[in-house]
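So you can see what is in the structure, the chains are spelled out below.
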Amino acid sequence: MQHDTTILLIEIGALLFGLGMLGRIGRRFGLSPIPLYLLAGLAFGSGGIVPLSASEEFIGIGAQIGVVLLLVMLGLEYSADELVDNLRAAAPAGLIDMLLNALPGAAFALLLGWGWQAALVLAGITWVSSSGVIAKVLGDLGRVGNRETPVILSVLVIEDLAMAFYLPIATAVLAGSGLIPGLTTLGVAVVTVVAVLVVAIRYGGEISRFISVKDPEALLLSVLGLTLFIAGVAGELKVSEAVGAFLVGIALSGPVAHHATEMLSPLRDLFAAVFFVFFGLSTDPADMPGVLLPALGLAVLTMLTKVLTGYLAAKRAGIALPGRLRSGLALMPRGEFSVVIAGLAVAYGVDARLAPLATAYVLITVVTGPMLARLPDYQWFKNLVRKRMAAQAAKANPLPAPE
């Protein structure tokens, strides 16, 4: 036991130190550290250079905490009223998002002859963006306060809430358990989401006043404990842990939200890095070559449809062209939900090629997405956008012909 503990400490210590160095290298060259964390996970996971056998379970738990912390921090940025207003405004964008991004995945599976069950699974994989990755990217790029960010978050929240409906249905279909058990699971998920939303909106102020900001230690433990508890309960009720954590952040307001943001930020950064590493650890590089080409084609297609989704959603909100492009580019990465959905397919014996395809697909979008999200920050890209805006303005307001 003592030997196992020392090996665990060595592996975790070396991994965290290495991640720190990778993060420093990435920021020195103006890159998001997310792709580097993922590649580190691939290098040390199953089939990698040096497998981390002793610490994989520990890293898996840390990865779950990382997703929860990323989402509660996003929730802390917005009030319950802002959430409801954004959801109402973004409902049409959510429908467009589903049509543009779920249908290509379903069609792709059918074209490959994988059957309608695989089509249902691949539709979910290509539909939902990664809230965890996007939250990290927005923070890294300093865009949390941008005007288009509420639009991005609204699309993400609609997707996460939609998963509360999709996952029970997909599970029932794949398990062949029938209509009644599937509807029962779906009903529990819907009631849970509505109940948490009502509590967040009506009693968020009381919850915040109950948590003291005078004692930093008590504040940290209370907010972290409440977040993990609600996320766990949400997961047990077949609702996403991410949705539960986000709604906890929404429920907290005022000084509590401000101080909690400051105190949880280092923990978020730590466990978020662990989450991205774990995703790489769970992937065997040997499974990738055979599905790389179809995964690349699917990734290119659905990354473009995500850009269109964000563009249209931001346009409906009255945001100018640069913000529309930032919205679309930010939404490209897929992540935790796609992995969960692919895991369901594997558990219930859907086509064996689906798992490596989903893994390669998610890795492509997660590695390239954060890089492409930086495009609007480059001067040459800004110049192109300005020329485009100037051309549109000239077309809309032509100069009068000389007399």
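- By the naming in an unreviewed UniProt entry, the chain is Potassium/proton antiporter membrane subunit (CPA2 family), taken from Actinoplanes lutulentus.
- For the chain, the Subcellular location (unreviewed entry) comment in UniProt is given as "Membrane".
- Recorded in UniProt under Sequence similarities (unreviewed entry), the annotation for the chain is "Belongs to the monovalent cation:proton antiporter 2 (CPA2) transporter (TC 2.A.37) family."

### Notes on the nonpolar core
Here is a general trend for soluble globular proteins: nonpolar side chains tend to be buried in one another's company.
Then step 1. Membership of the largest hydrophobic core comes to 113 residues, with the highest contact counts inside it found for Leu-38, Leu-71, Leu-122, Ile-125, Met-163 and Phe-276.
Then step 2. Residue contributions to this core peak at 14 residues, all from helix 7 (residues 149-175).
Then step 3. Look past the residues within four positions of Phe-276 in its chain and what remains in contact with it is Ile-34, Tyr-37, Leu-38, Gly-132, Val-133 and Lys-136.

### A word on the environment of Ile-158
Then step 1. With respect to the element layout, Ile-158 can be found in helix 7.
Then step 2. With 65 residues separating them in the primary sequence, Ile-158 and Ala-93 have C-alpha atoms 9.2 Å apart.
Then step 3. Once residues lying within four places of it in the same chain are set aside, the contact partners of Ile-158 are Leu-87, Ala-90, Ala-91 and Gly-94.

### Description of helix 5 (residues 116-127)
Then step 1. Its 12 residues give helix 5 an end-to-end C-alpha distance of 16 Å, which sits within 8% of 16 Å, the value for a rise of 1.5 Å per residue.
Then step 2. Extensive coverage of helix 5 is indicated by the burial of 9 of its 12 residues.
Then step 3. All of the buried residues along helix 5 are Ala-118, Ala-119, Val-121, Leu-122, Ala-123, Gly-124, Ile-125, Thr-126 and Trp-127.

### Notes on the pattern of salt bridges
Then step 1. On inspection of all chains with the given rule, the structure shows 7 salt bridges.
Then step 2. When the shortest N-O distance is used, the salt bridge between Asp-377 and Arg-143 registers 3.2 Å. Of this pair, Asp-377 sits in the loop between helix 15 (354-372) and helix 16 (379-396) while Arg-143 is found in the loop between helix 6 (131-140) and helix 7, placing the two residues 234 residues apart along the sequence.
Then step 3. Given the relative accessible area of 36%, Asp-377 is considered partly exposed.
Then step 4. For Arg-143, a relative accessible area of 4% translates into the label buried.
Then step 5. Note that Asp-269 is salt-bridged to Arg-268, the shortest N-O span being 3.2 Å.
Then step 6. You can call Asp-269 partly exposed: its relative accessible area is 34%.
Then step 7. A relative accessible area of 23% means that Arg-268 is categorised as partly exposed.
Then step 8. Each of Lys-136, Asp-140, Arg-268 and Asp-269 takes part in salt bridges that share partners, so that together they form one network.

Cut-offs and rules
- Residues numbered from 1 in each chain as written.
- Predicted model: local features only at pLDDT ≥ 70, side-chain atom pairs only at ≥ 80, totals over all residues.
- Heavy atoms only, no water.
- UniProt positions renumbered as here; feature names shortened; annotations may be inferred.
- Core = buried A, V, L, I, M, F, W, Y, C linked by side-chain atoms within 4.5 Å.
- Buried < 20%, exposed > 50% of the residue type's maximum accessible area, 1.4 Å probe, protein only.
- Helix = DSSP H or I, 4+ residues; strand = E, 2+ residues; numbered from the N terminus.
- Contact = heavy atoms within 4.5 Å.
- Expected span 1.5 Å × (residues − 1).
- Salt bridge = Lys/Arg side-chain N within 4 Å of Asp/Glu carboxyl O.

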